[in-house]
Amino acid sequence: MASLKDRLRADLTTAIKARDTVRSSTLRMILTSITTAEVAGSSQTALTDEDVVAVLTTEAKKRREAAAAFDDAGRTEMADKERSELGVLVDYLPEQLDADEISQIVAAAVESTGAAGEGMRAMGKVMGVVQPQVKGRADGSAVAAEVRRQLGA
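Residues numbered from 1 in each chain as written. Predicted model: local features only at pLDDT ≥ 70, side-chain atom pairs only at ≥ 80, totals over all residues. Heavy atoms only, no water.

Asks: Honestly, the nonpolar core in this entry has me stumped. Any pointers?
Replies: Leu8, Leu27, Ile30, Ile34, Val52, Leu56 and Tyr92 are the most contacted members of the largest nonpolar core, which has 19 residues in total. Taken together, the elements giving at least two residues each to this core come down to helix H1 (4–17), helix H2 (21–39), helix H3 (49–72) and helix H4 (76–90). Sequence-distant contacts of Leu56, that is, excluding residues within four places in its chain, are made with Leu4, Ile30, Leu89, Tyr92 and Leu93. By size, the runner-up hydrophobic cluster in this structure holds 18 residues, among which are Val106, Ala109, Met127 and Val134. (Core = buried A, V, L, I, M, F, W, Y, C linked by side-chain atoms within 4.5 Å. Buried < 20%, exposed > 50% of the residue type's maximum accessible area, 1.4 Å probe, protein only. Helix = DSSP H or I, 4+ residues; strand = E, 2+ residues; numbered from the N terminus. Contact = heavy atoms within 4.5 Å.)

Asks: So what exactly am I meant to see when it comes to the packing of H3 against H4 here?
Replies: Two packed helices can be described by the angle between their axes and the distance between those axes. Closest axis-to-axis distance for the H3/H4 pair is 8 Å, and the angle between their directions is 160°. The angle between the axes of H3 and H4 places the two elements in the roughly antiparallel class. Crossing of H3 over H4 shows left-handed handedness. Of H4, the residues touching H3 (which contributes Leu56, Glu59, Ala60, Arg63, Arg64, Ala66, Ala67, Phe70 and Asp71) are Met78, Ala79, Glu82, Arg83, Glu85, Leu86 and Leu89. Of the residues in the contact of H3 with H4, the class split is nine nonpolar, no polar and seven charged. (Axes fitted to C-alpha atoms, helices over the stretch in contact; angles between N-to-C directions. Parallel < 35°, antiparallel > 145°, perpendicular 65-115°, else oblique. Left-handed = near helix turned anticlockwise from the far one by under 90°. Nonpolar A, V, L, I, M, F, W, Y, C, P; charged D, E, K, R; others polar.)

Asks: What exactly am I supposed to notice about the side chain of Glu146 here?
Replies: Examined against the element boundaries, Glu146 turns out to sit in helix H7 (residues 140–151). Look at Glu146 and you get buried, because its relative accessible area is 12%. Among the polar contacts listed, one links the side chain of Glu146 to the side chain of Arg149, at a separation of 2.6 Å. Beyond its immediate sequence surroundings of up to four residues, Glu146 is in contact with Ile102, Ser103 and Val106. (Polar contact = N/O pair within 3.5 Å; in protein donor to acceptor, adjacent residues only side chain to side chain.)

Asks: Whenever I open this one, unusual backbone geometry confuses me. Can you help?
Replies: Peptide bonds are, in most cases, trans, and in most cases residues other than glycine have a negative phi. You will see that Arg19, though not glycine, has its phi angle at about 60°, which is positive. Residue placement: Arg19 occurs in the loop between H1 and H2. Assessed through its relative accessible area of 74%, Arg19 is described here as exposed.

Given below as structure tokens:
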């Protein structure tokens, strides 16, 4: 199976040939972000698919936040542009978990760590167990909110 980065490059070529400006500009932006991540730091490294998903997740979060900010400022045309870019990004992200699935994962983590009676002091312990399970598949703030809710804060 081809890597995610190779798939992004191939889809960019297809989008350019189809003259799909939104998809091609978004894919160019993603590939630029991936390249930037590869050369950041003291030495150049090739990103794994997991690392590429992390870059995609970061870019998707930026698009969500920008769309909300543009909506608040009354700039609907810019908000729509951000949402269309987000739509392209979502095609490459793993399927997102819904609230019930997040709740089940957090409940299992609370039980396995024995954090039920410790309150908010145990949040770090629970998040340490939950984060690897939901990485790239759920928004961190939604996970943290569920952990807080289940720990009783």
